[in-house]
Amino acid sequence: MTTLSIHNPATGELIIALPADDAASVAAKAAAARAAQPLWAAFPLARRKACIEGFRTGVVRDLELLAATMTRETGKPIKMSRNELNGLLPRIDFFLQETERSIAGETVFDEGGMREQIQHEPLGVVANISAWNYPWFVGCNVILPALLTGNAVLYKPSEYATLTGLEICRLLHEAGVPRDILVGLVGGGEVGQALLEQEVDGVFFTGSHATGQRIAQAVGQRFVKLQLELGGKDPTYVADDADPKAAAESLADGAMYNTGQSCCSVERIYVHERSYDAFVDAFVQTVKSYRMGDPASEDTYIGAITRAPQLDVLAAQVADAKAQGAKLLLGGHRGEGPGNWFEATVFSDVNHSMELMREESFGPLIGIQKVRDDDEAVRLMNDTRYGLTAGVYTRDEARAKRVLSQVKAGSVYWNCCDRVSPRLPWSGVGDSGVGLTLSRYGIQTFTRPKAWHLRQPA
Ligand code: NDP
């Protein structure tokens, strides 16, 4: 039997070896989901909502246990694990409140005996292949609206967040979602590949650009709905009228929260030359106060790096920046093992010939670059193949809007960063992906709007 070994990234210790799926079990589960889906879709919405309400109750009841599990398998500091679970609750509430309105049938024309209507039908059976960094958020952004709108979901959590993925399944099953309607799959990339070979009606992926490309190629011949939520190299500009200390404190958190392993982490900072020195100084002071250590400890801010190979990516970006003349202000080294550790690292005097200003770092590493004016900031912010989020710090709303309207990104921020709202669509431009989750559009995306042309007999 194949097994999946799960390790604690903070200690390297084996947590558990789980029985894993293989091609045959994935095919059997997909067939069972296909058979079960029509009955689930035929239930009144109220019945599906009751299951999601039960799930919410389970999350609240088991919150401490769920947070500890996530911290153990991902290295996320325990306070941030609790924050993610508490942050999930308003998302659940949003989906519960908005689904009915978002997929209500509409009459768009009614004249002379001719009626035109739109009705939202579920896609059918959808695949959800998911990342490990915010496993509750990225898992549930797909699973909950997909279930509410009548779909069956074949869910492959990341191998680095499998225990959390199985907890999501457990709580939904306990709340009444049939086992063939939400199906958890255990395994690594090969199980994801096996899933893509099944007859599914939609593929919803959250993860890296490289895997997203492979997934697009794998499903490219099949004409199924494909959503890819990928990485970013998210920039922020600090204008000369912003309070440099307040901006530095906010952006240090935006860059280092979750040990820099957020899709919308601040990854590049541009600062107007007039406030550059004050900003850099305050930024370094703030990051110095972040304690790295045992993720289970209440005062830890910098946790473990979840995937060991990312340590090499970070070390290579540091070496490249140093070789090209960047100034290392803080950190720059791996922490001592066991486990995967990397110090919070800050560079100034960077430029766009350096990898750390071009490619996703996905760790506690940031470059700060001086700019002359808003135009230079906009040009540099757009000098990327990604486009997930971008932000500006300034006292002047009109100036912020001028800058942000020129920036290519799915989400833009004024005087804030690293923020996701269930009420707003979450999407990327360019290599940050296609499609969206959250908001009413992120509910409708799990349906097919069917057009009805109805003529009354004369
Ligand atoms: P990966 O791309 O490594 O993995 C994502 C998922 O794909 C995992 O479940 C993985 O399985 C699976 N997978 C890997 N290879 C294949 C394959 N050939 N076929 C099918 N499935 C496969 O990403 P990470 O999990 O490391 O997540 C980090 C990335 O996700 C970052 O780039 C981050 O920016 C991005 N992200 C984007 C978000 C957004 O909203 N735009 C939100 C969160 C993260 P396994 O892990 O088991 O190998």
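Keep in mind that what you see is a predicted model, and the values were worked out from it rather than measured.

### Description of the UniProt feature "domain: Aldehyde dehydrogenase" (unreviewed entry) in the chain
Per the UniProt record, "domain: Aldehyde dehydrogenase" (unreviewed entry) is annotated on residues 3-451. With 41% helix and 21% strand, residues 3-451 has end C-alpha atoms that lie 47 Å from one another.

### Digging into the sheet that holds strand E11 (residues 266-272)
An order of E12-E13-E14-E11-E10-E15-E16 is seen for the 7 strands of this open sheet, with the pairing classed as mixed. A single partner strand is all that each edge strand has here, and the edge strands are strand E12 (327-330) and strand E16 (411-414). Geometrically, the sheet is characterised by an average inter-axis angle of 20° between neighbouring strands, direction not taken into account. Each of strand E10 (234-238), E11, E12, strand E13 (345-348) and strand E14 (365-371) is contacted by helix H10 (residues 276-288), which is oriented at about 170° to E14, the strand it contacts most.

### Re the pattern of salt bridges
Within the structure shown, the criterion is met by 28 salt bridges. Residue aspartate 21 pairs with lysine 29 through a salt bridge whose shortest N-O separation is 2.9 Å. Taking the relative accessible area as the measure of exposure, aspartate 21 reaches 9% and is therefore buried. Notably, a salt bridge pairs glutamate 84 with lysine 76, separated by 2.9 Å at the nearest N-O pair. Accessibility classification places glutamate 84 together with lysine 76 in one group, the buried group. A cluster of three or more residues bridged by salt bridges with shared partners is formed by Arg61, Asp62, Glu167, Arg170 and Glu174.

### Quick notes on the sheet that holds strand E4 (residues 114-122)
Across the sheet, which stays open at both edges, the 3 strands sit in the order E3-E4-E20 with antiparallel pairing between neighbours. Only two strands of the sheet have a single partner each, and these edge strands are strand E3 (106-111) and strand E20 (447-455). The average angle at which neighbouring strand axes cross in this sheet is 20°, direction not considered. Judged from the 5 bridges that link them, E3 and E4 form a sheet pairing that is antiparallel. If you follow threonine 107 over to E4, its bridge partner there is glutamine 117.

### Quick notes on the site of the ligand
Neighbouring residues of the ligand: 33 residues in total, closest Trp132, Ser208, Thr211, Leu230 and Glu360. Taking tryptophan 132, its side chain carries an N or O atom lying 2.8 Å from an oxygen atom of the ligand. Side-chain polar atom of serine 158 to an oxygen atom of the ligand: 3.0 Å apart, as the coordinates give it. Relative to its free-state accessible area of 900 Å², the ligand is covered by the protein chains to the extent of 92%. For the shell around the ligand, the secondary-structure elements that each account for two or more residues are helix H7 (189-196), strand E8 (202-206) and helix H8 (209-219). When the residues that make up the shell around the ligand are grouped by side-chain class, the tally is 14 nonpolar, 13 polar and 6 charged. The residues that make up the shell around the ligand include at least three from each of domain 1 (3-229 + 431-455) and domain 2 (234-419).

### Digging into the nonpolar core
Residues Phe55, Trp136, Leu172, Met256, Ile269, Phe279 and Phe283 are the most contacted members of the largest nonpolar core, which totals 102 residues. When residues of this core are sorted by domain, at least three fall in each of domain 1 (3-229 + 431-455) and domain 2 (234-419). Those residues in contact with phenylalanine 55 that lie beyond four places of it in its chain are Leu88, Ile92, Trp136, Cys140, Leu144, Ile168, Leu171, Leu172 and Ala175. Judged by nonpolar contacts, the second largest core, of 28 residues, contains Leu314, Met357, Leu380 and Val403.

### Re the pairing of strand E1 (residues 3-7)
The side chains of a regular strand alternate, residue by residue, between the two faces of the sheet. Covered by surrounding structure in E1 are Leu4 and Ile6 only, the residues Thr3, Ser5 and His7 on the alternate face being uncovered. In sequence, E1 turns back onto strand E2 (residues 14-19) through a hairpin of 6 residues, with glycine 12 there showing a positive phi of about 80°.

### Re the domain arrangement of the chain
Domains assigned within the chain are domain 1 (3-229 + 431-455) and domain 2 (234-419). Inter-centroid distance (C-alpha atoms) of domain 1 to domain 2 is 31 Å. Between domain 1 and domain 2, the residue contacts involve 22 residues of the former and 27 residues of the latter. For the pair domain 1 and domain 2, the interface holds 2 salt bridges. Among the ionic pairs, arginine 385 bridges to aspartate 431, the shortest N-O distance being 2.7 Å. Going through the elements one at a time, helix H3 (63-74) and helix H4 (78-102) are the ones with two or more residues in the side of domain 1 that touches domain 2. In terms of residues, the side of domain 1 that touches domain 2 owes the most to one element, H4, which gives 5 residues.

### Some details on the UniProt feature "active site" (unreviewed entry) in the chain
In this structure's numbering, the residues bearing the UniProt feature "active site" (unreviewed entry) are Glu229. Mapping glutamate 229 onto the fold places it in strand E9 (residues 225-229).

### Let's talk about H4
In a regular helix each residue adds 1.5 Å, so 25 residues correspond to 36 Å; H4 covers 35 Å between its end C-alpha atoms and thus fits that length. Its axis deflected by about 25° at leucine 96, H4 carries its strongest bend there.

### Looking at the packing of helix H2 (residues 45-61) against helix H6 (residues 162-174)
Relative orientation of the contacting elements H2 and H6 amounts to 125°, with a least axis distance of 8 Å. As far as their axial angle goes, H6 and H2 are oblique. Judged by the sense of rotation from one axis to the other, the crossing of H2 with H6 is right-handed. Of the residues in H6, those in contact with Ile52, Phe55, Gly58, Val59 and Arg61 of H2 are Ile168, Arg170, Leu171, Leu172 and Glu174. Looking at side-chain class alone, the contact of H2 with H6 contains 6 nonpolar, 1 polar and 3 charged residues.

### Concerning the packing of aromatic side chains
Evaluated as defined, the whole model comprises 9 aromatic pairs. Arranged with centres 3.8 Å apart and planes meeting at 15°, the rings of tyrosine 290 and tyrosine 301 form a pair that is stacked. Here tyrosine 301 lies in the loop between H10 and helix H11 (309-323) and tyrosine 290 lies in the loop between H10 and H11, a separation of 11 residues in the sequence. For tyrosine 290, a relative accessible area of 15% corresponds to the buried category. Taken together, the aromatic side chains of Tyr257, Tyr290 and Tyr301 make up a single cluster linked through ring pairs. The positively charged end of arginine 47 is found above the aromatic ring belonging to phenylalanine 43, 3.8 Å away from the centroid.

Rules behind the numbers
- Residues numbered from 1 in each chain as written.
- Predicted model: local features only at pLDDT ≥ 70, side-chain atom pairs only at ≥ 80, totals over all residues.
- Heavy atoms only, no water.
- UniProt positions renumbered as here; feature names shortened; annotations may be inferred.
- Helix = DSSP H or I, 4+ residues; strand = E, 2+ residues; numbered from the N terminus.
- Pairing = 2+ DSSP bridges.
- Axes fitted to C-alpha atoms, helices over the stretch in contact; angles between N-to-C directions.
- Contact = heavy atoms within 4.5 Å.
- Salt bridge = Lys/Arg side-chain N within 4 Å of Asp/Glu carboxyl O.
- Buried < 20%, exposed > 50% of the residue type's maximum accessible area, 1.4 Å probe, protein only.
- Near = heavy atom within 4 Å.
- Polar contact = N/O pair within 3.5 Å; in protein donor to acceptor, adjacent residues only side chain to side chain.
- Areas by Shrake-Rupley, 256 points an atom, 1.4 Å probe, with all protein chains shown as cover.
- Nonpolar A, V, L, I, M, F, W, Y, C, P; charged D, E, K, R; others polar.
- Domains from an automatic or database assignment.
- Core = buried A, V, L, I, M, F, W, Y, C linked by side-chain atoms within 4.5 Å.
- Expected span 1.5 Å × (residues − 1).
- Bend = angle between axes of the 7 residues up to and from the residue.
- Parallel < 35°, antiparallel > 145°, perpendicular 65-115°, else oblique.
- Left-handed = near helix turned anticlockwise from the far one by under 90°.
- Phe/Tyr/Trp six-rings, centres within 6.5 Å; stacked < 30°, edge-to-face > 60°.
- Lys NZ or Arg CZ within 6 Å of the ring centre and 35° of its normal.

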